[in-house]
Number of protein chains: 2
Amino acid sequence: MGGIDNLGIETKIEEREDFVNFKVKPLFVTFPKNEEEVVKLVQYAYERGIPIVPWGAGTSLTGAVSCEECILVDMKNMSQILEINEVDWYVRAQPGVNLEFLNRKLMERGFLLPPDPASFFLCSIGGAVSNSSGGMRGVKYGTFRDWVLALRVVLPTGEVIQVGEPFRKNRAGYDLVHLFTGSEGTLGIITEIWFRIIPVPRETQVSLLSYMPDLDSTAGVIQDMRRAGILPEIAEYIDNDVVHALNSQLNAGLRESKGGLLMLRVLAQDLDRMMEILNRWGGDTVQLNQEEWERVYSLRAQSAIALKAISKEMYVEDIVVPVSRLMDAIKRIRKLEEKYQVKMPIIAHIGDGNLHPNILLSDRQRAEELFEEVGKVAIELGGSVSGEHGIGVQKAKLMGIQVKAHGGIKVLEIMKQIKDIIDPKGIMNPGKYVELAYREAKSDR
Amino acid sequence: MGGIDNLGIETKIEEREDFVNFKVKPLFVTFPKNEEEVVKLVQYAYERGIPIVPWGAGTSLTGAVSCEECILVDMKNMSQILEINEVDWYVRAQPGVNLEFLNRKLMERGFLLPPDPASFFLCSIGGAVSNSSGGMRGVKYGTFRDWVLALRVVLPTGEVIQVGEPFRKNRAGYDLVHLFTGSEGTLGIITEIWFRIIPVPRETQVSLLSYMPDLDSTAGVIQDMRRAGILPEIAEYIDNDVVHALNSQLNAGLRESKGGLLMLRVLAQDLDRMMEILNRWGGDTVQLNQEEWERVYSLRAQSAIALKAISKEMYVEDIVVPVSRLMDAIKRIRKLEEKYQVKMPIIAHIGDGNLHPNILLSDRQRAEELFEEVGKVAIELGGSVSGEHGIGVQKAKLMGIQVKAHGGIKVLEIMKQIKDIIDPKGIMNPGKYVELAYREAKSDR
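The shown structure was predicted, so the numbers you read here are calculated from the model rather than taken from an experiment. (Residues numbered from 1 in each chain as written. Chains lettered and ligands numbered in written order. Predicted model: local features only at pLDDT ≥ 70, side-chain atom pairs only at ≥ 80, totals over all residues. Heavy atoms only, no water.)

Caption draft 1: Quick peek at the pairing of strand S9 (residues 90-93) of chain A. All names here are of chain A. In terms of strand pairing, strand S8 (residues 81-85) meets S9 through four bridges, oriented antiparallel. Bridging from a neighbouring strand, Ile-84 pairs with Val-91 of S9. Connecting S8 to the antiparallel partner S9 that follows it, the hairpin turn spans four residues, and Trp-89 within it adopts a positive phi of roughly 55 degrees. Looking at chain direction, S9 and strand S13 (residues 189-196) are connected through four bridges and run antiparallel. Bridging from a neighbouring strand, Arg-92 pairs with Trp-194 of S13. (Pairing = 2+ DSSP bridges. Helix = DSSP H or I, 4+ residues; strand = E, 2+ residues; numbered from the N terminus.)

Caption draft 2: Looking closely at the packing of helix H6 (residues 215-227) of chain B against helix H11 (residues 326-340) of chain B. Residue and element names in this part refer to chain B. Two elements in contact, H6 and H11, have axes separated by 9 Å at closest approach and are oriented at 165 degrees. Regarding the angle of H6 to H11, the classification is roughly antiparallel. The interaxial crossing formed by H6 with H11 has right-handed handedness. Together, Leu-215, Asp-216, Ala-219, Gly-220, Ile-222 and Gln-223 of H6 and Leu-326, Met-327, Ile-330 and Arg-334 of H11 make up the contact between the two elements. Each residue belonging to the contact of H6 with H11 can be placed in one class, and the counts come to six nonpolar, two polar and two charged. (Axes fitted to C-alpha atoms, helices over the stretch in contact; angles between N-to-C directions. Parallel < 35°, antiparallel > 145°, perpendicular 65-115°, else oblique. Left-handed = near helix turned anticlockwise from the far one by under 90°. Contact = heavy atoms within 4.5 Å. Nonpolar A, V, L, I, M, F, W, Y, C, P; charged D, E, K, R; others polar.)

Caption draft 3: Geometry of the domain arrangement of chain A. Residues and elements named next belong to chain A. Entries for chain A in the domain assignment read domain 1 (1-201) and domain 2 (205-380). Placing the centre of domain 1 and that of domain 2 at their C-alpha centroids yields a distance of 29 Å. Counting residues at the interface gives 16 residues for domain 1 and 20 residues for domain 2. Across the domain 1/domain 2 interface, buried area totals approximately 1600 Å², and carbon plus sulfur atoms make up 63% of it. When the buried area of domain 1 at its contact with domain 2 is split by residue, Met-136, Val-139 and Lys-140 rank highest and sum to 41% of it. On the surface where domain 1 and domain 2 come into contact, there are zero salt bridges. (Domains from an automatic or database assignment. Buried area = accessible area lost by both parts, 1.4 Å probe. Salt bridge = Lys/Arg side-chain N within 4 Å of Asp/Glu carboxyl O.)

Caption draft 4: Up close: the side chain of Asp-423 of chain A. Residue and element names in this part refer to chain A. Relative to the helices and strands, Asp-423 is located in the loop between helix H14 (409-422) and helix H15 (433-443). Polar contacts involving the side chain of Asp-423 include one to the main-chain amide nitrogen of Met-428, which spans 2.9 Å. Sequence-distant contacts of Asp-423, defined by excluding residues within four places in its chain, comprise Pro-156, Thr-186 and Met-428. (Polar contact = N/O pair within 3.5 Å; in protein donor to acceptor, adjacent residues only side chain to side chain.)

Caption draft 5: Structural context of the relation of the copies chain A and chain B. Superposing chain A onto chain B takes a rotation of 180 degrees plus a shift of 0.0 Å along the axis, which leaves an RMSD of 0.0 Å. In the structure described here, the two chain copies are related by an operation that fits a two-fold rotation axis. The fraction of interface residues of chain A whose copies in chain B are also interface residues reaches 100%, indicating that both copies meet through the same surface. (Least-squares fit on C-alpha atoms with pLDDT ≥ 70 in both.)

Caption draft 6: Representation of the pattern of salt bridges. In this structure the tally under the stated criterion is 78 salt bridges over all chains. Linking Asp-420 of chain A and Lys-416 of chain A is a salt bridge whose minimum nitrogen-to-oxygen distance equals 2.9 Å. Here the residue Asp-420 of chain A and the residue Lys-416 of chain A both occupy positions in helix H14, the gap between them amounting to four residues, near one helical turn. Since its relative accessible area comes to 21%, Lys-416 of chain A is described here as partly exposed. We note a salt bridge from Lys-105 of chain B to Glu-108 of chain B, for which the minimum N-O separation is 4.0 Å. Of this pair, Lys-105 of chain B and Glu-108 of chain B both sit in helix H2 (residues 99-108), three residues apart, which is roughly one turn of that helix. For Lys-105 of chain B, a relative accessible area of 30% translates into the label partly exposed. You can call Glu-108 of chain B exposed: its relative accessible area is 58%. Ionic contacts of the salt-bridge type, sharing partners, join the residues Asp-224, Arg-227, Glu-276 and Arg-280 of chain A into one network. (Buried < 20%, exposed > 50% of the residue type's maximum accessible area, 1.4 Å probe, protein only.)

Caption draft 7: Representation of the packing of aromatic side chains within the structure. Summed over all chains, the structure comprises 14 aromatic pairs over all chains. Ring geometry for Trp-89 of chain A versus Phe-111 of chain A: centroids 6.2 Å apart, planes at 65 degrees, classification edge-to-face. With Trp-89 of chain A in the loop between S8 and S9 and Phe-111 of chain A in strand S10 (residues 111-112), this pair connects stretches of sequence that are 22 residues apart. The pair Trp-89 of chain A / Phe-111 of chain A is uniform in exposure class, with both members buried. Looking at Lys-425 of chain A, its charged tip hangs above the ring of Tyr-46 of chain A, at a distance of 4.3 Å from the centre. One residue, Arg-48 of chain B, lies across the ring of Tyr-44 of chain B, its end atom 3.7 Å from the ring centre. (Phe/Tyr/Trp six-rings, centres within 6.5 Å; stacked < 30°, edge-to-face > 60°. Lys NZ or Arg CZ within 6 Å of the ring centre and 35° of its normal.)

Caption draft 8: Local environment of the nonpolar core. Counting residues in hydrophobic clusters, the biggest one holds 259 residues, and the most contacted among them are Met-399 of chain A together with Met-399 of chain B. Excluding anything up to four places from it in sequence, Met-399 of chain B contacts Ala-172 and Gly-173 of chain A together with Val-385, Ile-391, Leu-412, Met-415, Tyr-433, Val-434 and Ala-437 of chain B. The next biggest cluster of nonpolar side chains, apart from the first, holds 20 residues, and it includes Ile-9, Val-38, Leu-41 and Tyr-44 of chain B. (Core = buried A, V, L, I, M, F, W, Y, C linked by side-chain atoms within 4.5 Å.)

Caption draft 9: Geometry of the sheet that holds S9 of chain A. Residue and element names in this part refer to chain A. The five strands lie next to each other as S8-S9-S13-S11-S12, forming an open sheet whose pairing is antiparallel. Each edge of the open sheet is held by one strand with a lone partner, namely S8 and strand S12 (160-164). Neighbouring strand axes in the sheet, compared pairwise and without regard to direction, differ in orientation by 10 degrees on average. By the bridge criterion, five bridges tie strand S11 (residues 148-154) to S12 in an arrangement that is antiparallel. Considered in S12, the bridge of Ala-150 is made with Gly-164.

Now the structure itself:
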C-alpha cells in the first residue's frame, strides 16, 4: 500500500482480536492525533476504495469492528477532555477518552454521565456512542442515545460535519444525532462528542442485595415493582453460575444460593414498599452500606470477564423482552437449555427486560444455532435481539428477522438507503450491521 | 378531482388557518377513520402526484401544515387510546388524541407523559410528535423526542412501517424513531404512537413565584441555579407586557411589576439554596400552594393566546441560546427593540435558554426583518432558531443559515437526501422544512 507513509501519520502493521475473539486483520493500523489526520486517512481510503474502520478499545461483543484488508483507525491518541461546562451542563471530549476516566473527572466537579456499560473501565466514549451502549443505570437513565447532544463526524467522503447542538432543545432539522449515535462506525468517524451531564443525584438511595429463590420470582419482583410505580436506579440480576464464576475466578467471596442475586438501588422513600415486594416473592434481602454496594457493583461489572475466564468460547446474548413477558422468556430459555443440554449462565439488566444468557459451548455450530434460537425467543415475544451490545456481524441476521417481523422489510431498506447516501462508495466499516441485516432479510424473502 | 369519492372516505371542501394565520387552501379535507383509509388516501395522492398533508389540531406556529391544492388529512377521527400498559410503562394511541385528554387518562392510572407544550389543551399527540414539541416541564423532562418509543407510519409511497419497539432499550438498526419524530409530516403520516410513560413523580416539590427586577437578573438566577446543580421541574419567565396582556385579556388578576415573573418548581430539598439565589438577584418571592400554582401554570400556558388577543399579527420567535449566553442574548434583543422601535413581549422557558420574543408589528415586512434578526442572534451565540416550535415554512431560511454555520451545508444535503429516499415523488407535505432550508442555503452559497 504505497502512499500511506506520505501522510505522516503513525502507522503499524498488526493483527487484533476484540473482547469475544472476532479477528481484525487490517492492512495497517493508524493512530491519528487530530481531526485533520482522520480526514487525510478517510480521503486516502475514499480515493482508493479501501475499507476503513474506527477502533476505540476493542470491547465490542458483536464483531462490530472486525475486518480484513482494511485500514484500522485507532483513536487512542485522540483522548482529550476539551471542556466541562458547569452552566450549560455538557462535556465535550474526543472519542478516545476512557469512560471511567471521564466520569472521574466529571465527579470531581459534581457531575455525572449516567450510562455505565459493564466495560466502563475499559471502553472508549467513541465506542460507547457508536454502539449506543447501555449499562446498569439504564433502567433509570437510558442508554448513550439519551445523552449525546452533538457530534463532529468525518464522513466516508472525507467531509466534516457537526450534527446537533450542545444543548438539549433544538428543532433545526431532522434528528441526525440519533442517526449517528449507534451507527457502529458505519456512517463516519466521530472526532468530537458533546454529552449532556447532570449534577450527581442528591436523593437518598438505599442499596439492597436479595438472594432470590429463582429467576422467575426475580421477574415477579420486577413486574410488581413496575406496578407499584417504583423506578430503581439499578436492578441487576446474576444467577448462581455467574456468582460461582465470580467466586472461583475473581475470589469474590459472594454467598452462593440456588436462585441467584438481585441487586437493587432505590430511593429511600420506596424502601418499605420495595421490601414488601421482595418478601412477597421469597427474597432473602440484606441492605448494603456504600462500600459494600460499590464492591457488588464492581463485581457485577466483571461478571462477563469471570465467565470468559471459565470458557474462552463465549457467545454473549443481549435480548430484550417487554417486562410483562419476562416469565415467558425465562420459560422458553429453560426449554432451550433442555434441548441443547446446556446451562446458560444469565446476567441480566432485569429492570428493563434486558437479558444476557451466555452460551459457553465449544461446539461452534451448536453454539450458533442456540444463539439464533434465543434471539428468536425475543422476537416472538415482541422484544429485540439487542438491547445495548449492538449488531455488528454477529446479530445482523437476527436483526433482519426482527425488523422484518416487527417493522417491515421496508424499514431495513430505508436504513440501507441511508447508509448508501452517506457512504456512497461503501468503505466505512462495510458489510456489517444494517447492510448485512438487509441482505440477509432480502435473500430470505 | 374525480375518484376521491370512490374511496368511501369522509371528505369536505373547506379552507383553514393555523394558530398564527398561515393559510390552508386544500383541494379537499379528508377524515380517515383508520390506517387502511390513510393508506388509500396516500396511494391516491401518490398515483396522481398530489401534495398530501396531515393535520392534527392546527396549532402549528410556523406554517408547518399550510398548503394549497393539497389533500389535507384531518386525523380527528383517529383518536383512540389503544392501550395503557402499567407494567411495560407505555401508552399506545392514535395520532388524533388530544394531549390533555391523554394525560388525564394516564393520571387516573398514576402515570404521566411529561412534555406539556402550552397548547396541551388544544393539540393532538400526532402533531406534538411530528413537531417534537417541548413545554414547561422540558427543562427537566426534555421534549417529545425523549418520549416516543415507536411509531406506525404510512410512508409517502403508501407502504406501512413500524419504527422502534415499545420499550426503551433497543439497538436493532439505525434510529429511525428519532428521524420520524420531529419530521413535521414530511416523511409520512403517523397512524399509531407508543409513548414511554412514568409514574407521577412522588418527590415533594415547592412552587415559587418571584417578581424579578428585570430579565437580566432572571438569567442570573438560572445560571446560578445551574452552577448550584439544581434541576427544576419548571423554570418559566413572562415579562410584564405578557402579565399585562393576561390581566387585560383574560382577567388574570396577576400583580404587575417592572421586571416580570419567574415561575419555579423545585424539589423541597433544594428550596433553601433556591431562595438564597433568588434573594441574591433581587427576586421578591412568594411560595404558592398547589391550587395557586395550577392557576399560574394554566395562565402561563395561555400567555400566547393573551398576546394574540391584543394583536392579530403575531410572529412567535422560538430561539434557544446556551444558558451561559442568556445575558448576551438579552442585550442583543434589547438593541433590536431600539433599532425597530418596538417592544417584544417575552415568554421564556428560561430554564433551558429557550426564549419566545413575540413580534406584534402590523408592518409585515418589518416584522419579518426583525424576525430574521432575532434568529440570527441565536445562531451567532451558538444557539438554535427553534427549540420546540419547529421550522415549517416560517423558519426554513433561518434553519438553513444555522445548520450551514454550525454543521455545514452537507448536513442539509443529507437531510434533503433522506427526504428524497423516503418520499421519492415529493408529495408528503412538500416544499417546507428541510427541503426549503436546503434550497435557501444552497442558493445562498
